[in-house]
Amino acid sequence: MTTPTLTTATPSTGIGAAPRTRLRDLLAAEWIKLWSLRSTAWVLGLSALFVIAANLKSARYTYDHYTVGEGDPTTMLQVALGDSFTVIAADVVMIVAGSVGALAVVGEYASGLIRTTLVAVPDRRAVITAKACVLTVVMLGYGVLTAGVSFVACQAVLADTHIGLSLAHPAALRFVAAAALFAPVCALAGFALGALIRHTAGAVVSTVLVLFFLPAFFNERYRWSADLLHAMPLQAWRRLSQVDLTHTLPVAHPATVAGSWATYAAWALASVAVAVAVVHRRDH
Amino acid sequence: MIEVTELTKRFGRTTAVDRLTFTVRPGHVTGFLGPNGAGKSTTLRLILGLNDPTGGTATVDGRPFRARSRGLRDVGALLDAGDVHGGRSGAAHLRALARSNAIPAARVEEVLHEVGLTKAAGRRIRGYSLGMRQRLGIAGALLGDPPVLLFDEPLNGLDPEGVLWVRGLFRRLAAEGRTVFVSSHMMAEMEHTADRLVVVGRGRLIADESLTEFAARAGHTDVTVRAAEPDRLAAVLTAAGATVRPGPDGALAVTGPDATRIGELALEHRLLLNSLTTRTASLEEAFMELTADSVEYLAGEPR
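Keep in mind the model is a prediction, meaning the values are calculated, not measured.

> How should I be thinking about the overall build of chain B in this particular structure?
Tallying secondary structure elements over chain B gives ten helices and 13 strands in all. Taken against the 2.2 N^0.38 rule, which gives 19 Å for 303 residues, the C-alpha radius of gyration of chain B at 24 Å runs more than 25% over that of a compact globule. Projected onto its principal axes, the C-alpha positions of chain B cover 80 × 45 × 35 Å. Within chain B, the fraction of its 303 residues that count as buried is 54%. Of the contacts made within chain B by residues no fewer than 6 positions apart, 68% connect residues no fewer than 24 positions apart. Surface summary for chain B: the accessible area is close to 13100 Å², and the carbon and sulfur share equals 52%. Positive and negative charge centroids in chain B, built from 37 and 36 side chains respectively, lie 9 Å apart.

This is the structure:
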C-alpha cells in the first residue's frame, strides 16, 4: 500500500494500525448483525418448538395405534423414521429457513443498510460470502437441533413398541442428515432469491413459490419432468428420507439417493454464486 | 484527497453526472453544492464505488475506493441517515461496522460519546429521530478515524445546537488535516461551514474555488437610486450605458456604473438625488443565479 502524499491526518484515537484483512472479521460482523435483530431468535426458536411438537404428535399417534409385532420390519422402519421428521415439519422448516435466508439479504436492501455495509467493506464478494457462511452455519445448527431433538424424542416415545431406532442405524443417520441439511439448503435458496429481488414481500413469496409450489408442476412419468422434479430441494429431501423404494408406487423415472444429495449441494453452491454475482455487479 | 476526472454517469437516457472534474483537498471543509437533482448524491456514490461510472474516474487518495477490501480506516461516509436497520440498537449497528474493519469495540463507545448518543445507544434505531440518526451516521463515519470524510446533507433534521456542533466538528476534522467533503442544496448552510466550494448543476461543474473567489466571481452589485425625477434620471443613465430597472416606490435599480459615477451623472444634468445605496448580492443569490443559468443553458439542448 502506498502512503498518500497529501493526507496529513494523524490518528488521535487508539484504533491501532490496519491489520490484515481477514474473513473472520466479516463473519463476526455478520454474526453480530444476525443476532442483534430480536426477530431472529424468536422466529428460529418458536418454529423449532413447533417442528419438534408436530413430530412428537406423529410419534404419539403411532404409539397409540400400533400393536407390537404388526407389520413387516421394513414398513415399520419407514414409519418410525417418518414419525421423527414428518412432511409438515419439512414444510415448516422449508418456509422458515427460506424466509430467514431471504430476509438476511433483503433486510439490508429494504433498509438501505447495504450502502453503509459496502462503504465499510467495499469487497462485495467477501461481504456476501461471509453473510452466506454465517447463514449456513446458523441454519445448519437449526436443522441439526430440530431434526436431532425430534429424532431422539420420537424414538424414545416409540421405544416400548420395539420399532424405535438409534442413530447408529444407517438408515436413521441418512434420514436425520437429510432433515438437518434441508434447512441450510432452503435458507441459501431464499438468500439467492433475496439478492435477486431485494424486495421483502416479493422475495419471501417467490421463495415459497419456488421451494414449495414449483415441484407440484412436475412428475416422474417423463424423463425431462422427472429430472426437473428431482432437481427440487423438497423432492430431494423426500427421496433421502425414504429408506428404499420397495414400498412406494413404481414410477417410470425414480429419484436416486446420490442424485438427491447432488441436488442439495447444487442448490447451496449455485445460490451463493448467484448472490455473490448479482451483488458484485449491480449499482447500489 | 478526492480526485474526480471526467466522471460521467448515465441512467438510461438521463445523464446524472456529466464529465465532472474537480479535486477535493485535505485541510479544508469543501462544500458540494447544487440544487436538488444536480447529481450530488450520484457523484458521492460514484466516489464510494457504490455505482460504477459510465465514463471517467474517481479516486480517493490515489486509487478507486472499490480497490480496497476494507473502507472505514480510509474513508468515513454518511450518505443517508436512513441507511440503517431499524430493528438494531445504535450500539449493535456500530459494533458490527467496527468488527467488519477490525476496529476495537472500545472505539464504538468513543464515537457514541463524541456524537452524544451514549444514552440512546441501547435503544433500537427505529425509535430515533432524524437528528439522532444523523448523529449515528456521523458516529459511523468517524469509527475508523479516516483521513477522508464524505457527508451527504448531514444537517437535515438537526436542531440548531446540532447544526452548530456539526459545523464545529467539520472545521476541527479539516484542521486536523483531513479531507472533508459535505454536500448541501442550501448555500446558507455552506456559507458558515465550508471554505471551498464545488458547485454543480444538472450534473455539470459550475464552480470549483474558494468561498471568497466564488463570492467575488458570482456576486454582482447594483445600486438603488431614489430621485426627484426618476424618469429623466433613467434616460440619462441608460444613455450612459447603464441597465435600469424600476424598483419599488419609484426607486431605480441600476446595474453598470457604481454609486460615484451615478452621482456625477446626476450632478452634470442637475438632477436631485434623494438616496443612493449600493447593494451586493448575497452568496445565496449568487448560487441561485449560477445554478439557474446552468438549468437554462441545458434546457435548450436536445435530450
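Having put the structure on the table, let's press on.
> Where do I start with the sheet that holds strand 6 (residues 148-152) of chain B in this structure?
The strands making up a sheet are joined through hydrogen bonds of the backbone, oriented either antiparallel or parallel. All names here are of chain B. Spatially, the six strands line up as an open sheet ordered 5-6-7-3-8-9, and their pairing is mixed. The open sheet has two edge strands with one neighbour each: strand 5 (75-78) and strand 9 (204-210). Between one strand axis and the next, the sheet turns by 15 degrees as a mean value, whatever way the strands run. In terms of strand pairing, strand 5 meets strand 6 through four bridges, oriented parallel. Residue Gly76 lies in a different strand from strand 6, and its bridge partner there is Leu149. The sheet contacts of helix 5 (residues 160-175) involve strand 3 (29-33), strand 6 and strand 7 (179-184), and relative to strand 7 the element is tilted by about 150 degrees.

> It is not clear to me how the pattern of salt bridges should be interpreted in this structure. Could you clarify?
Side chains that carry opposite charge are capable of pairing whenever their charged atoms lie near each other. All names here are of chain A. Applying the stated criterion to the full structure yields 23 salt bridges over all chains. In this structure, the salt-bridge partner of Arg60 is Asp64, at a minimum N-O distance of 3.5 Å. Placement of the pair is Arg60 and Asp64 together in helix 2 (residues 38-65), with a separation of four residues, close to one helical turn. Here Asp64 falls in the partly exposed class, since its relative accessible area comes to 45%. The closest approach of N and O atoms between Asp227 and Arg223, which form a salt bridge, is 3.1 Å. You can see Asp227 and its partner Arg223 sitting in helix 9 (residues 223-230), four residues apart, about one turn around the helix.

> Mind showing me how you'd approach the interface of chain B and chain A here?
Where the parts come together, the accessible area they lose is often given as the size of the interface. Contact with chain B, which involves 48 residues of that partner, is made by 47 residues of chain A. The interface formed by chain B and chain A contains three salt bridges. Ionic pairing is found between Arg99(B) and Asp25(A), a salt bridge with its closest N-O pair at 3.1 Å. Put simply, the parts of the chain that give the side of chain B that touches chain A at least two residues each are strand 1 (2-11), helix 2 (90-100) and helix 3 (106-115) of chain B. The element contributing the most residues to the side of chain B that touches chain A is helix 2 of chain B, with seven residues. Split by residue class, the side of chain B that touches chain A holds 17 nonpolar, twelve polar and 19 charged.

> In this structure, what is going on with the packing of aromatic side chains? I would like to understand it.
Here the distance between the centres and the angle between the planes together describe a pair of aromatic rings. Taken as a whole and judged by the stated rule, the model has ten aromatic pairs over all chains. When the centroid spacing of 4.8 Å and the interplanar angle of 25 degrees are considered together, the rings of Phe32(B) and Phe181(B) count as stacked. With Phe32(B) in strand 3 and Phe181(B) in strand 7, this residue pair connects regions lying 149 residues apart in the sequence. For Phe32(B), a relative accessible area of 0% puts it in the buried group. Here a set of aromatic residues connected by ring pairs shows up, and it is made of Phe85(A), Phe182(A), Trp237(A), Trp261(A) and Tyr264(A). In this arrangement the basic side chain of Arg198(A) is found over the ring face of Tyr109(A), its NZ or CZ atom lying 5.8 Å from the centre.

> Could you clarify how one ought to interpret the packing of helix 4 (residues 87-111) of chain A against helix 7 (residues 170-197) of chain A in this entry?
When two helices pack together, their arrangement is given by the angle between their axes and by how far apart the axes lie. Residues and elements named next belong to chain A. Close contact between helix 4 and helix 7 brings their axes to 6 Å; oriented N to C, the two are set at 40 degrees. When the interaxial angle is binned, helix 4 and helix 7 end up oblique. For the element pair helix 4 and helix 7, the recorded crossing hand is right-handed. Contacts from Ala90, Val93, Met94, Ala97, Gly98, Gly101, Ala102, Ala104, Val105 and Val106 in helix 4 reach Phe182, Ala183, Cys186, Ala187, Gly190, Phe191, Gly194 and Ala195 in helix 7. Grouping the constituent residues of the contact of helix 4 with helix 7 by class yields 14 nonpolar, four polar and no charged.

> What is the right way to read unusual backbone geometry from this model?
It is generally the case that most residues other than glycine have a negative phi and that most peptide bonds are trans. Positive phi, close to 65 degrees, is recorded for Arg198(A), a residue that is not glycine. Examined against the element boundaries, Arg198(A) turns out to sit in the loop between helix 7 and helix 8 (200-213). For Arg198(A), a relative accessible area of 37% translates into the label partly exposed. Phi angles above zero are rare outside glycine, and Arg202(B) is one such case at about 50 degrees.

> Sorry if this is basic, but what is going on with the side chain of Gln235(A) here?
All names here are of chain A. By the secondary structure assignment, Gln235 is in helix 10 (residues 233-240). Given the relative accessible area of 12%, Gln235 is considered buried. Side-chain polar atoms of Gln235 contact the side chain of Arg238, separated by 2.9 Å. The residues contacting Gln235, other than those within four sequence positions of it, are Glu220, Leu229 and His230.

> What exactly am I supposed to notice about a nonpolar patch on the surface here?
Residues and elements named next belong to chain A. Side chains of Trp31, Trp35 and Val137 sit close together on the surface and give an oily, nonpolar patch of about 320 Å² of accessible area. With respect to the secondary-structure elements, Trp31 resides in helix 1 (residues 23-35). Looking at Trp31, the relative accessible area reads 43%, which means it is partly exposed.

> It is not clear to me how the sheet that holds strand 1 of chain B should be interpreted in this structure. Could you clarify?
Residue and element names in this part refer to chain B. Across the sheet, three strands lie side by side as 2-1-4; this open sheet has antiparallel pairing. The outermost strands of the open sheet, each flanked by one partner alone, are strand 2 (14-24) and strand 4 (55-60). Across the sheet, the axes of successive neighbouring strands diverge by a mean angle of 20 degrees, strand direction being ignored.

Definitions and limits used
- Residues numbered from 1 in each chain as written.
- Chains lettered and ligands numbered in written order.
- Predicted model: local features only at pLDDT ≥ 70, side-chain atom pairs only at ≥ 80, totals over all residues.
- Heavy atoms only, no water.
- Helix = DSSP H or I, 4+ residues; strand = E, 2+ residues; numbered from the N terminus.
- Rg over C-alpha atoms; globule rule 2.2 N^0.38 Å.
- Buried < 20%, exposed > 50% of the residue type's maximum accessible area, 1.4 Å probe, protein only.
- Contact = heavy atoms within 4.5 Å.
- Areas by Shrake-Rupley, 256 points an atom, 1.4 Å probe, with all protein chains shown as cover.
- Lys, Arg positive; Asp, Glu negative; His and termini not counted.
- Charge placed at Lys NZ, Arg CZ, Asp CG, Glu CD.
- Pairing = 2+ DSSP bridges.
- Axes fitted to C-alpha atoms, helices over the stretch in contact; angles between N-to-C directions.
- Salt bridge = Lys/Arg side-chain N within 4 Å of Asp/Glu carboxyl O.
- Nonpolar A, V, L, I, M, F, W, Y, C, P; charged D, E, K, R; others polar.
- Phe/Tyr/Trp six-rings, centres within 6.5 Å; stacked < 30°, edge-to-face > 60°.
- Lys NZ or Arg CZ within 6 Å of the ring centre and 35° of its normal.
- Parallel < 35°, antiparallel > 145°, perpendicular 65-115°, else oblique.
- Left-handed = near helix turned anticlockwise from the far one by under 90°.
- Polar contact = N/O pair within 3.5 Å; in protein donor to acceptor, adjacent residues only side chain to side chain.
- Patch = residues over 30% accessible without salt bridge, like charges linked within 9 Å, V, L, I, M, F, W, Y side chains within 5 Å.

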